[in-house]
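Chains, contacts and geometry: an overview
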Amino acid sequence: MKASRGAPLTPVPLAAAARGAVALAVPLLVGVWTGAVIPAVIAGIGALWGVGQDGSDPYRLRVRRLGGMGGSAALGLLAGELALRSGHPAAVTVCLGATALLAGAVSLRGRLASVSGMHLLLGATVGSGVPVPGPWWQPPLALLAGVALVVVLSATPWLWRRHAIERAAVLAVYRAASGALSAAGSPEAEAARRRLTAALDDAHQVMGRHLTGRDRPRTELGAVRDAFDTAVRLGEVTSALVWEGRPLPRHVTDVPLLMAARLLPDGGAASVSPAADPSGPAPDRGADPCDAVSPGVRALRGLYAESVLHTESVPHAESVGARASGVAVRLPAYPWHGRAAQARYAVLLTLCVLVAQLCAELLHGPRGYWLPMTVAFVYKPDFGPVPRRALHRCAGTVVGVAAIGTVTLLTTDTLVLIGAVAAFGALMAVGVRHHYALATTGLTAIVFVLVDMLGDHRALYAARILDTALAAAIVLVAHFALWPDSAAGRAAAQTEAALAAAHRYRDLAADATPAQRHALRRTAYHRLAEARRAVAHAHGEPGRPGRRGGRGGRDGRDGRDGRDRMLPDREHVIASAERLCDAVSARNVGARRPASALPVRACAGARAMGG
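Residues numbered from 1 in each chain as written. Predicted model: local features only at pLDDT ≥ 70, side-chain atom pairs only at ≥ 80, totals over all residues. Heavy atoms only, no water.

**Observations concerning the overall build of the protein**
Just so we agree on the cut-off: Helix and strand definitions here come from DSSP, where helices need a minimum of 4 consecutive H or I residues and strands a minimum of 2 consecutive E residues; each element is numbered from the N-terminal end. Between buried and exposed lies partly exposed: a residue is buried under 20% and exposed over 50% of the maximum accessible area for its type, with that area taken using a 1.4 Å probe on protein chains only. Whether two residues are in contact is decided by their heavy atoms, any of which lying within 4.5 Å being enough. Per-residue accessibility takes into account occlusion by the displayed protein chains alone, with areas from the Shrake-Rupley method and a 1.4 Å probe.
Check the secondary structure of the protein and you find 24 helices and zero strands. Taken over 611 residues, the protein has a buried fraction of 55%. Counting contacts in the protein only where the partners sit at least 6 residues apart, residues at least 24 apart contribute 80% of the total. A total accessible area of about 25,700 Å² is found for the protein, and carbon and sulfur atoms account for 63% of it.

Set out below in structure tokens:
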């Protein structure tokens, strides 16, 4: 199928898996060989959390995230350790409550703040729950050493593939554009165009800092930047051709790949087998007789000629305007919630942590850190639907306990267990990118080995499964009893912001400069993609039954039913706004819809917006 070309299966991240295995095995091996097992285990915990935050994003972002995570975790570990060493019965509870309040207050302020806040609480949980002998400064430094190892392993490839991530992100835009053109005129066209929007969003985020520097076309970064500027303009032309609704021949759908092969020769040449030079006459075989008069196809050929062949097919002002200013350096960021919601989340997280700590004291006494630690992992509404995260956490814990239990039944040799830790570290690195339950499986097994190396040889397999289920239940009850409409409220706010951006694009594009028009278009599509994700998030969090009025149902019926009716309406409005933006893009390049084109679905949302 044509549409399938735009959505390849995600490859297994072998490099990340290798980094995870090495980062977790090396500290433990060093500790065994030197006899400094306890500092090595603490360093292993730092490496464990570092692997959980390792990514495939640009190296500077990885270092920032890992550095913020490591500093916050070390600070939390120090606070928890000092509270535990104080000997006061209430010191640990006060420490956990204070760190939970602080973590909740900063967690909804962005991705970096969220990661730092979560690990501040995790550090306090481990520091207050795991007594560590030795000087007070040793555990935080050991933790930072483990994080530093992950930073070195993750960022070292920058030395020989400095801009490979930026190049790959921009190349993905050209491939997505080709997939969207291949799907034009079919029912999969809109889904393919959304994949193009997602690829452009990702490339824009990756290229963000580089868009402010001086244009140096002779450097590798300059070439990638030029390719990104062209990709932004290609997105407009592609949206117009998708809006036209006519199937396109191969020599047209391959134009983005040809452009990638010329503009990004190291990354795009291998994926293209050119059918023809799009700047010349269209081949007779398989060509659409409307191609010669299609403004959208002419715009695509003109963009190819202007960007690759350096001809004058596109007006010079358009080229200078697009290359001089490009698009907005940063995509607009909509705050996850306002201050009131941030305060509510901080209070709820603190409440959940304190209840979990109370249950841990009643059930386990000392070393009951598993309950508040699970709360810190699960109650992250900015990471996805809370029920799904809780379910995946429970499932991953069960599988992880079963896996490490099987290993320990077969052998208790330390080196073999370290080998198992390396294998589970690789599994966790893969799970971080693919599935939270898979990541939890690896993390659970690793934690059991680390705790055993600290000297706690108790068989707590069943207890940890029950602890995880209890912590997940605490989070779910608190979340749905006291904040049931958080996701639905965010979906409503995101949809309103997206519609406003689409309106601005429609109203201002005709009189804007090329650079301003591209910025308006990118903002509108980005907002719409965010709104669509927010609605999908809200689908995963059922509202509280019996809630009347508010955002749930306006007719006085059950709030859950009203919410379920509102979310599909928002999806339809978002889809209509996307089609409106496609139509504006088509107007910008002079495209028109042929009589034989696939009809576009209409809905009340489009009429209300004037689309």
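On we go.
**Side note on the packing of helix α4 (residues 91–107) against helix α15 (residues 339–363)**
Condition: Axis definition: a line fit to C-alpha positions, over the contact stretch in the case of helices; interaxial angles, taken between N-to-C directions, run 0 to 180 degrees. If an angle is under 35 degrees, it is roughly parallel; if it is over 145, roughly antiparallel; if it lies from 65 to 115, roughly perpendicular; otherwise it is oblique. Two helices crossing with the near one rotated counterclockwise from the far one by less than a right angle form a left-handed crossing, whereas a clockwise rotation gives a right-handed crossing. The classification used treats Ala, Val, Leu, Ile, Met, Phe, Trp, Tyr, Cys and Pro as nonpolar, Asp, Glu, Lys and Arg as charged, and all other residues, Gly among them, as polar.
Axis separation between α4 and α15 bottoms out at 8 Å; the angle between their running directions is 150 degrees. With respect to α15, the element α4 is oriented roughly antiparallel. When you trace α4 past α15, the crossing you get is right-handed. On α15, the residues touching Val92, Thr93, Leu96, Gly97, Ala100, Leu101, Ala103, Gly104, Ala105 and Ser107 of α4 are Gln342, Tyr345, Ala346, Val347, Leu349, Thr350, Val353, Leu354 and Gln357. Among the residues making up the contact of α4 with α15, the classes are represented as twelve nonpolar, seven polar and no charged.

**Observations regarding the side chain of Asp467**
Locating Asp467 in the fold gives a position in helix α20 (residues 461–482). Beyond its immediate chain neighbours, meaning those up to four positions away, Asp467 contacts Leu363, His364, Trp370 and Leu371.

**Section: the environment of His434**
Of note, His434 is situated in helix α18 (residues 414–434). Distance from His434 to Pro13, taken between C-alpha atoms, is 9.5 Å for residues 421 residues apart in sequence.

**Some details on the pattern of salt bridges**
What counts here: Every case where a carboxyl oxygen of Asp or Glu lies within 4 Å of a side-chain nitrogen of Lys or Arg is listed as a salt bridge.
According to the stated counting rule, one finds 19 salt bridges in the structure shown. Among the salt bridges present, the one from Arg246 reaches Glu244, with a minimum N-O distance of 3.5 Å. The exposure class assigned to Arg246 is buried, which follows from its relative accessible area of 8%. Relative accessible area serves as the criterion here: at 0%, Glu244 is assigned to the buried category. Of the charged contacts, one joins Arg532 and Glu578 as a salt bridge, the two residues approaching to 2.9 Å between their closest N and O atoms. Placement of the pair is Arg532 in helix α22 (residues 514–539) and Glu578 in helix α23 (residues 559–589), with a sequence separation of 46 residues. Glu578 gets classed as buried once you look at its relative accessible area, which sits at 4%. Connected via shared salt-bridge partners are Glu190, Arg193, Arg194, Arg532, Glu578, Arg579 and Asp582.

**What about the nonpolar core?**
Keep this limit in mind: Nonpolar core, defined: a set of buried Ala, Val, Leu, Ile, Met, Phe, Trp, Tyr and Cys residues in which side-chain atoms within 4.5 Å join the residues together.
Counting residues in hydrophobic clusters, the biggest one holds 89 residues, and the most contacted among them are Leu48, Trp49, Leu143, Leu349, Val375, Phe377 and Tyr379. Looking at this core, the element that brings in the most residues is helix α19 (residues 436–453), giving eleven residues. Dropping the residues within four chain positions of it, Leu143 is found in contact with Ile42, Ala43, Ile45, Gly46, Trp49, Ala73, Ala74 and Leu77.

**Re the environment of Leu101**
On the secondary structure map, Leu101 appears in helix α4. The partly exposed category is assigned to Leu101, whose relative accessible area is 43%. Taking the C-alpha atoms as reference points, Leu101 and Thr350, separated by 249 residues in sequence, lie 5.4 Å from one another. When neighbours within four sequence positions are excluded, Leu101 is seen to be in contact with Ala346, Val347 and Thr350.

**A word on the side chain of Ser154**
The condition that has to hold: Polar contact is the term for a pair of N or O atoms within 3.5 Å; when the atoms are in protein, one must be able to donate a hydrogen and the other to accept it, and sequence-neighboring residues count only if both atoms are side-chain atoms.
Within the element layout of this structure, Ser154 appears in helix α6 (residues 138–155). The buried category is assigned to Ser154, whose relative accessible area is 1%. For Ser154, the side chain forms a polar contact with the side chain of Asp54, separated by 2.7 Å. With residues near it in sequence (within four places) discarded, Ser154 still touches Arg19, Asp54, Tyr59 and Arg62.

**Observations regarding the packing of aromatic side chains**
We count it as follows: Between 30 and 60 degrees the pair is tilted, below 30 it is stacked and above 60 it is edge-to-face, where a pair is any two Phe, Tyr or Trp rings, Trp via its six-membered ring, whose centres lie within 6.5 Å. Any Lys NZ or Arg CZ found within 6 Å of a ring centre and within 35 degrees of that ring's normal is scored as a charge over the ring.
Within the structure shown, the criterion is met by three aromatic pairs. Measuring from ring centre to ring centre gives 5.2 Å for Tyr345 and Tyr379, while their planes differ by 70 degrees; the resulting arrangement is edge-to-face. Of this pair, Tyr345 sits in helix α15 while Tyr379 sits in the loop between α16 (370–378) and α17 (386–410), and the two are 34 residues apart along the sequence. Just as Tyr345 is buried, Tyr379 falls in that class too. Here the aromatic cluster, defined as three or more aromatic residues joined through ring pairs, consists of Trp370, Phe448 and Tyr461. Sitting over the face of the ring of Tyr436, Arg389 holds its NZ or CZ atom 4.1 Å from the ring centroid. Taking NZ or CZ as reference, Arg393 lies 4.3 Å from the ring centre of Phe377, over its face.

**Regarding α6**
What counts is decided by this rule: How far a helix is expected to stretch is found by multiplying one less than its residue total by 1.5 Å.
If you check α6, its first and last C-alpha atoms are 26 Å apart, about what 18 residues at 1.5 Å a residue would give, namely 26 Å. Along α6, the positions that sit buried rather than exposed are Pro139, Pro140, Ala142, Leu143, Gly146, Val147, Val150, Val151 and Ser154. Against the buried residues of α6 lie α1 (14–34), α2 (37–53) and α3 (59–86).

**A look at the confidence of the model for the protein**
Put simply, the rule reads: Every residue gets a pLDDT, meaning the predictor's confidence in that residue, from 0 to 100.
Within the protein, residue pLDDT values average 82, and 80% of them lie at 70 or more. Per-residue pLDDT stays below 50 along residues 598–611; that stretch engages in 26 contacts with residues further than four places along the chain or on separate chains.

**Some remarks on a nonpolar patch on the surface**
Put simply, the rule is: Residues with no salt bridge and a relative accessible area higher than 30% make up the patches, which join like charges within 9 Å and nonpolar side chains (Val, Leu, Ile, Met, Phe, Trp, Tyr) within 5 Å.
On the surface, Leu82, Trp136, Trp137, Leu141 and Leu144 cluster together into a nonpolar patch covering about 510 Å² of accessible area. Inspection of the secondary structure puts Leu82 in helix α3.

**Observations regarding the packing of helix α7 (residues 164–183) against helix α11 (residues 255–263)**
The contact between α7 and α11 brings their axes to 8 Å, and the two run at 160 degrees. When the axes of α7 and α11 are compared, the pair comes out roughly antiparallel. The way α7 lies across α11 gives a crossing that is left-handed. Across the interface between the two elements, Leu171, Tyr174, Arg175, Ala177, Ser178 and Leu181 from α7 touch Pro256, Leu257, Met259, Ala260 and Leu263 from α11. Looking at the contact of α7 with α11 residue by residue, the classes come out as nine nonpolar, one polar and one charged.

**A few points about the environment of Gly425**
Considering the arrangement of structural elements, one finds Gly425 in helix α18. Distance from Gly425 to Leu48, taken between C-alpha atoms, is 7.6 Å for residues 377 residues apart in sequence. In contact with Gly425, other than residues within four places in its own chain, are Gly20, Ala21, Leu24, Val51 and Ile446.

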